[in-house]
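Here is how the chains run, residue by residue.
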Amino acid sequence: MSNTSNSIETNNEVMSKNNFIENVVIDTRYALARFIAQPITTLIIVLTLALSIGATTAIFSVVNGLLFQATPFKDSERLVILAQQDLTTDQSYGFSAPEMLDYQSQAQSFENMAEIHNMTFTMYGHNDPIRVRTGVVSSNFFNMLNLTPILGRVFTEAEDDIGAEPLVILTYEFWQREFNGQDDVINQNVEFNNRSHKIIGVLPHFPQFPAVSDVYIAIPSCPWRGSEGAQSNRSMRMMTSFAKIKPDFTLEDVNSEVANIAKGLANTYPEAYSANADISAGALSLHDELVKDSRPYLYTLLATTLLLFLIASANVTNLTLSQHSKRKREFAVRASLGASKARLAQLLLTESLLLSLLGGGLGLVFAFLGLDFLKDFAANFSTLASEITIDSTVMLFALVISTVSGIIAGIVPSFTKVNLVSSLKEGGKSSYSTDHGLLRNGLLICQFALSLTLLIAAGLTIKSLNNLQNIDAGFSASNIEILQVDLNWTVYNNAQQRWQISQQILQEVRKLPYVSSSALSMTYPNDTVGANYGSIRQAIQLDDRDFNPDEVLPNTFNRPITEGYFATLDSQLLQGRDFSADDDDKAPNVAIINEKLAKKWWPNESAINHSISFDQGENWLTIVGVVENIHEQGAAVEPSFQIYRAMAQSPTGHLAILANHEGAQPQGTQPQGTQRHEKGNSTFKQDIKKIIAELDNRQPLSKFESLQQAVDNSVSLQRFLAQLLTIFSAIALVITISGVSGVMSYMVNLRTREIGIRMAIGADKAKVITLILSYGIKLTVIGLLIGVVSAYFSGDWLSTQLFDIDAFDMVIYSTALITLLVISTLACLLPAWRASSIPPMRALKSN
Amino acid sequence: MTNKKTLINISKLNKIYHTDGTATNALKDIDITITQGDYVTIQGPSGGGKSTLLSIIGLLDKPTSGDYQISGVSVTKLSESQMAKVRNREIGFIFQDFNLIGDMTVSQNVELPLIYRGIAKATRQAKVIEVLKRVNMSERAKHLPNQLSGGQQQRVAVARALVGNPTLLLADEPTGNLDSVNGDSVMQLLSELNEQGVTICMVTHDSRYAHLSKRTINLFDGQVVDNTDNEQKNGTSNNKVDDREVAELMPNAITSSASSLVKNTSTVGA
Ligand SMILES: Nc1ncnc2c1ncn2[C@@H]1O[C@H](COP(=O)(O)OP(=O)(O)O)[C@@H](O)[C@H]1O
Ligand SMILES: [Mg+2]
């Protein structure tokens, strides 16, 4: 004993070095035994963590895949996308072939310039003819993106020359889908545009930009790009171009250089630009271009899941505190046996970290299960969505947040001031208030506040989606089936042939017994393919004023339709008449314009019988009708200026066949709406396939969809957002319920004796229940009041991001408040009932 | 006694509890010496300060003032972790309600002080087996505490207190929760241990057991009122009766002779 102080010094060192690992092993073993002995509490903690860590990690995997990971191309930080702009109108343009050559020869700041434009062609010679999304690229395109084909080869420079042999390269996905991933595709021939193309390679999977293609062909294989006109016409700016910055140059260098080149070209070739144009050019990093639309959504979601994570961490900390209070005696015994504070803290931390790592592991599994859903979501704003994975960065993230929550929950109870003597005597049965009561209540209040915030955010998102879907878009989507056909241009190469087959198709469709109305058009509302067809970029001459070539209306579209289009869509003609069969190619040219355009041009008089000209007075179209505004690009987007033309007078190769089967019951046996709908859909599909096959069996069909699907797809991003927020707030709700019932049960346990005394001196059941309940409700109400304030701030931000909502919404706020209040009351009721049902004698003995 | 080494030396020790504005003087100017191999019983009425004294001796609590030395080293200024170390190496505790850790087996409970001391696993296991044999609990090594009777639990607690070869064994009413048969056997065990050289300091209000010890200290209202050497009295039954009177009469009605001993009016805390 004489060496008391010496032994203390030396042992400190021995302990920390040799025994740390063994201590961890011992603590771990003990912790696992405890978890098994208390499966319910363990399960609640692990699940709470798993749900929140899973949600946070899943969203992080999207953020990581889109924003943090480099674009999966070699030297991707040096890859840029170039664009020309007209600063006067703020319009963006691609490049024409001659411009590409000029930029390439003048620019010093980048090595290489690759081009791409997207076409859709019909492919013959392999199974049925199909429409194939085709990227037309220069040979250096693959090299620049560092893509090595998994089979065969890519194009050589010589194959860029006009007149080279037609070749095609398949994407990985197309090869899998159409050729079952067979190796012998190389050197097989398929037919595009009346020419045989040899398959020379298969690409690996890669995030495609600017659009997803099925196959890639070289410049000379494209009938348009290979044509004399495209080679020489400076104003046919159809190409997107990529460039790779030279190692010693910066993005700014490229920006200023291409802006100068653009100005020089505009001076040299003024005829290639509209008057008054102020031409410039710029570069955007490929990565920024790929993800630019995703940021606000991703940050909203990441913030949401972090809220969820906070709620869960508060809950777990609270549960751990309750556990710790019950274990006061155990810890006092350990201390009496010589465990230092640090040693006890280590035990608590080990237990807590074990739980949080278990939760984190399970959370990763949840994140993995939700990955496909999130990829679909992310595909709404970036082609990089396909690159989202649970990679090592995401796993590290999950590990870090699990560890953080484990450390918080493990360390907070260590700060308890433990009175060893009384803990050893009473076994930790102390009063609630001296037992972290304040901290515990504070954590619960935070949970309520955060849950309310989440719930209200979800409510606002749902309301926004609802507003979006319920807005009067100027048409009714129900019962309309659509088939898109892109007429094979090598067969239907003049207006007359195109109109002839269009007319025949329409005639046959109208014979179908269940079709109540039908029409043809070039595009239709929420059509993702044809939305930008028929864009008018020149000034239009009006009959009652002088022509001003600078007066170019933005967002003006030419929409060829047949008669019956508005009736099929249930859109209202406000003035004049619909087209009729008499408005054919021999009759005077007619047009119907939408209300917005009519008001723009003739605010004080009727537009009917006015005439307009697209060619400065050579041909005139008489306005015969004014139709209500149709939201063509989703309800959130303002209607554009629309000029409808009689299809007979303006035939198109892009046909949409719209058939309304309202009120029709093909078999007369399906009473329910959805069944009838599906029946209508599949019957229509089959019938129209037959019609077209009979008219031309080499004409492929492009796309089937119902108008309702098109409308739904147009809000899919908002719907995903609403679904995610609903899932997250449901998780928050569940966690908060477990939190409030945990805290209340614990409080009731501590106050059992007090309750016994109260009942012994005459309190009845109702009084006891009221006592407990009022305590819980008091905490809830404080939490909710704070929550209203934080919900208002989050709502304020959401209102800037979402369609048509205000930060405050009476219905949503009160629904969320009542929901939480009711749920919390129910969660308190159970422990209150239990407390009131304990026989007073037992309650009194409980100490 | 003169040739024995002084183990515990307490002088002018005071402990004052402050609760809600009232101060409870639980120990007043206590002077106690315990030598190696001693067997001391602390007796006295409830609230007399017995447990408080034992907690301070066991370094579970700190005195308000006064000096406390173990083997000549003052321990009143030790840090919290140094106190833990001393508890671990020098002191073994036995409690009234056993205080075994419920989710641990008998051998895990007994092993715990050795783990905290950082002893290698092989040594630990050997020591646990040895000490369980010593308290006759070898067969129950893999049992959980709630699978044992009270007496058995207390034997395990004794084993746990002994396993690290402490210089001092402290026991606060070790028989308080046991029936007489089990109580007797635990007391028998303590006597044997003392014969084997273990220094014991025990609080009990059961005067039947006081005669087993070598010395009895009577605490009344925080003060030592009697410090009797039982070996010199040679186990006469006289002071057993005295003890019982003090123990049983004082809490109920403070007799005039007793109240004359009270210097400060003290408040009995809740
Ligand atoms: N933690 C404490 N706070 C306040 N007073 C206490 C505390 N512990 C003990 N006391 C008081 O100190 C006195 C001595 O108590 P204690 O040592 O437990 O006596 P005994 O063990 O002899 O019954 C009593 O008056 C008791 O009320
Ligand atoms: Mg006591």
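Residues numbered from 1 in each chain as written. Chains lettered and ligands numbered in written order. Predicted model: local features only at pLDDT ≥ 70, side-chain atom pairs only at ≥ 80, totals over all residues. Heavy atoms only, no water.

1. Some remarks on the domain arrangement of chain A
Frequently, the measure chosen for interface size is the accessible area that the parts lose on association. Residues and elements named next belong to chain A. So the rule is basically this: Segmentation of the chain into domains, including their bounds, is taken from an automatic or database domain assignment. The contact definition used throughout considers only heavy atoms, calling two residues in contact when any of these lie within 4.5 Å. Buried area is calculated as the accessible area (1.4 Å probe) missing from two parts once they are joined, with the contributions of both summed. A side-chain nitrogen of Lys or Arg and a carboxyl oxygen of Asp or Glu constitute a salt bridge if their distance falls within 4 Å. By the criteria applied, helices consist of DSSP H or I runs no shorter than four residues and strands consist of E runs no shorter than two, each listed in order from the N terminus. Basically, the charged four are Asp, Glu, Lys and Arg, the nonpolar ten are Ala, Val, Leu, Ile, Met, Phe, Trp, Tyr, Cys and Pro, and anything else, Gly included, counts as polar.
Domain boundaries in chain A define domain 1 (13-74 + 293-430), domain 2 (88-277), domain 3 (453-471 + 712-847) and domain 4 (488-698). Contact residues are listed per partner, giving 28 residues for domain 1 and 25 residues for domain 3. It is Tyr297, Leu308 and Phe373 in domain 1 that bury the most area against domain 3; as a group they hold 21% of the surface buried on that side. Here domain 1 is connected to domain 3 by zero salt bridges. For the side of domain 1 that touches domain 3, the secondary-structure elements that each account for two or more residues are α3 (39-68), α10 (295-326) and α13 (371-378). Element by element, the count of residues in the side of domain 1 that touches domain 3 is highest for α10, at 15 residues. Grouping the constituent residues of the side of domain 1 that touches domain 3 by class yields 15 nonpolar, ten polar and three charged.

2. Regarding the pattern of salt bridges
The cut-off we apply is this: Only protein chains enter the area calculation, which uses a 1.4 Å probe; residues under 20% of their type maximum are buried, those over 50% are exposed, and those in between are partly exposed.
As enumerated under the stated definition, the model contains 35 salt bridges over all chains in all. Of the charged contacts, one joins glutamate 22 of chain A and arginine 124 of chain B as a salt bridge, the two residues approaching to 2.8 Å between their closest N and O atoms. In this pair, glutamate 22 of chain A is assigned in helix α2 (residues 20-37) and arginine 124 of chain B in helix α4 (residues 121-134), connecting two distinct chains. Note on glutamate 22 of chain A: relative accessible area 23%, which makes it partly exposed. Taking the relative accessible area as the measure of exposure, arginine 124 of chain B reaches 2% and is therefore buried. Residue arginine 124 of chain B is joined to glutamate 111 of chain B by a salt bridge in which the shortest nitrogen-to-oxygen separation is 2.8 Å. Taken together, the residues span a long stretch of sequence, with arginine 124 of chain B in helix α4 and glutamate 111 of chain B in helix α3 (residues 106-117) at a distance of 13 residues. Overlapping salt bridges bring together Arg34, Arg327, Glu330, Arg334 and Glu351 of chain A as one network.

3. Some thoughts on the environment of serine 402 of chain A
Residues and elements named next belong to chain A. Let me state the cut-off plainly: Here a polar contact is taken to be a pair of N or O atoms separated by no more than 3.5 Å, where protein atoms must pair a possible hydrogen donor with a possible acceptor and residues adjacent in sequence count only if both atoms sit in side chains.
Following the sequence through the fold, serine 402 ends up in helix α14 (residues 392-411). Taking the C-alpha atoms as reference points, serine 402 and alanine 37, 365 residues apart in sequence, are found 23 Å from one another. In this structure serine 402 touches Ile53, Ser356, Leu357 and Gly360, once residues within four positions along its chain are discounted. From its side chain, serine 402 meets the backbone oxygen of alanine 398 in a polar contact 2.5 Å long.

4. Description of the interface of chain B and chain A
Counting residues at the interface gives 35 residues for chain B, matched by 33 residues for chain A. Of the roughly 3,100 Å² buried at the junction of chain B and chain A (both faces included), carbon and sulfur atoms supply 59%. Run the count over chain B and chain A and you get two salt bridges. A salt bridge links arginine 329 of chain A to aspartate 97 of chain B; its shortest N-O distance comes to 3.3 Å. Where chain B packs against chain A, one counts eight residue pairs in polar contact (both at pLDDT 80 or more).

5. Thoughts on the site of ligand 1
Residue and element names in this part refer to chain B. Heads up, the condition is: If a single non-hydrogen atom of a residue is within 4 Å of a molecule or strand, that residue counts as near it.
Gly47, Gly49, Lys50, Ser51 and Thr52 are the nearest of the 14 residues found near ligand 1. Within the backbone of glycine 47, one N or O atom sits 2.7 Å away from an oxygen atom of ligand 1. Glycine 48 has a polar backbone atom sitting 3.2 Å from an oxygen atom of ligand 1. Of all the secondary-structure elements, those providing two or more residues to the shell around ligand 1 are β1 (6-19), β2 (22-35) and α1 (50-57). In terms of residue count, the dominant contributor to the shell around ligand 1 is α1 (three residues).

6. Things to note about the packing of helix α12 (residues 341-369) of chain A against α14 of chain A
Residue and element names in this part refer to chain A. Where we set the bar: The axes are straight lines fitted to the C-alpha atoms, using for helices just the contacting stretch, and the angles between their N-to-C directions are given from 0 to 180°. With the far helix as reference, a near helix turned anticlockwise by less than a right angle produces a left-handed crossing, and one turned clockwise produces a right-handed crossing.
At their nearest, the axes of α12 and α14 sit 8 Å apart, and the two run at 145° to each other. In this structure, α12 crosses over α14, and the sense of that crossing is right-handed. Taken together, the residues of α14 that come into contact with α12 (itself represented by Leu348, Leu349, Ser352, Leu353, Ser356, Leu357, Gly360 and Leu364) are Met395, Ala398, Leu399, Ser402, Thr403, Ser405, Gly406, Ile407, Ala409, Gly410 and Ile411. Residue classes in the contact of α12 with α14 are distributed as eleven nonpolar, eight polar and no charged.

7. Comments concerning the pairing of strand β3 (residues 110-124) of chain A
Residues and elements named next belong to chain A. Quick note on the threshold: Between any two strands, at least two bridges found by DSSP are needed for them to pair.
Within β3, eleven of the 15 residues are buried, leaving the element largely enclosed by the surrounding structure. In this sheet, strand β10 (residues 240-245) lies alongside β3 in antiparallel orientation, the contact comprising six bridges. Among the inter-strand pairings, alanine 114 is bridged to a residue of β10, identified as phenylalanine 242. Pairing between β3 and strand β4 (residues 130-137): eight bridges, direction antiparallel. Within the sheet, the bridge partner assigned to methionine 123 lies in β4 and is isoleucine 130. In textbook terms, the turn of a hairpin is the stretch between consecutive antiparallel strands, and for β3 and β4 this stretch comprises five residues, one of which, glycine 125, has a positive phi near 95°. The sheet contact formed by β3 and strand β7 (residues 189-192) spans two bridges and is antiparallel. Within the sheet, the bridge partner assigned to methionine 123 lies in β7 and is phenylalanine 192.

8. Here we look at the nonpolar core
This is how it is decided: We call a set of buried Ala, Val, Leu, Ile, Met, Phe, Trp, Tyr and Cys residues a nonpolar core when their side-chain atoms join them within 4.5 Å.
Counting residues in each nonpolar core, the largest one holds 110 residues, and the members touching the most others are Leu66, Phe141, Phe142, Leu286, Phe377 and Ile772 of chain A. Residue contributions to this core peak at 17 residues, all from helix α22 (residues 716-760) of chain A. In contact with phenylalanine 141 of chain A, other than residues within four places in its own chain, are Ala114, Glu115, Ile116, Tyr216 and Phe242 of chain A. Within the second largest apolar cluster, 50 residues are counted, among which are Leu13, Leu60, Tyr68 and Leu219 of chain B.

9. Some thoughts on helix α5 (residues 150-162) of chain B
Selection rule: Given the number of residues in a helix, its expected span is that number minus one, multiplied by 1.5 Å.
The end-to-end C-alpha separation of α5 of chain B is 18 Å, in line with the 18 Å expected for 13 residues at 1.5 Å each. In terms of residue burial, α5 of chain B counts as a mostly covered element, since eleven of its 13 residues are buried. Turning to α5 of chain B, its buried residues number three or more, namely Gly151, Gln153, Gln154, Arg155, Val156, Ala157, Val158, Ala159, Arg160, Ala161 and Leu162 of chain B. As for α5 of chain B, its buried residues are in contact with α11 (328-336) of chain A together with β6 (91-94), α3, α4, β7 (168-172) and α6 (180-195) of chain B.

10. Considerations on the environment of leucine 347 of chain A
Within the secondary structure, leucine 347 of chain A sits in helix α12. Through-space distance from the C-alpha of leucine 347 of chain A to that of leucine 460 of chain A is 44 Å; in sequence the pair is 113 residues apart.

11. Focus: the packing of aromatic side chains
Selection criterion: The pairing test for Phe, Tyr and Trp rings, Trp by its six-membered ring, is centres within 6.5 Å, and the orientation test on the planes gives stacked under 30 degrees, edge-to-face over 60, and tilted for anything in between. As a reminder, the over-ring test applies to NZ of lysine and CZ of arginine, requiring each to be within 6 Å of the ring centre and within 35 degrees of the ring normal.
Overall, the coordinates contain 23 aromatic pairs over all chains when judged by the stated rule. Between the aromatic rings of phenylalanine 142 of chain A and phenylalanine 155 of chain A, the centroid separation amounts to 5.8 Å while the plane-to-plane angle is 55°, which identifies the pairing as tilted. Taken together, the residues phenylalanine 142 of chain A in helix α5 (residues 140-144) and phenylalanine 155 of chain A in the loop between β5 (151-152) and β6 (167-170) connect sequence positions 13 residues apart. Here the two residues phenylalanine 142 of chain A and phenylalanine 155 of chain A agree in accessibility, since each one is buried. Measuring from ring centre to ring centre gives 5.7 Å for phenylalanine 93 of chain B and phenylalanine 95 of chain B, while their planes differ by 5°; the resulting arrangement is stacked. We note that phenylalanine 93 of chain B, like phenylalanine 95 of chain B, is buried. A connected cluster of aromatic rings, assembled from ring pairs, spans Phe141, Phe142, Phe155, Phe206, Phe209, Tyr216 and Phe242 of chain A. Here arginine 234 of chain A stacks its cationic end above the ring of tyrosine 269 of chain A, 3.5 Å away from the centre of that ring. The lysine or arginine in question, lysine 765 of chain A, covers the ring of tryptophan 833 of chain A, its NZ or CZ lying 4.6 Å from the ring centre.

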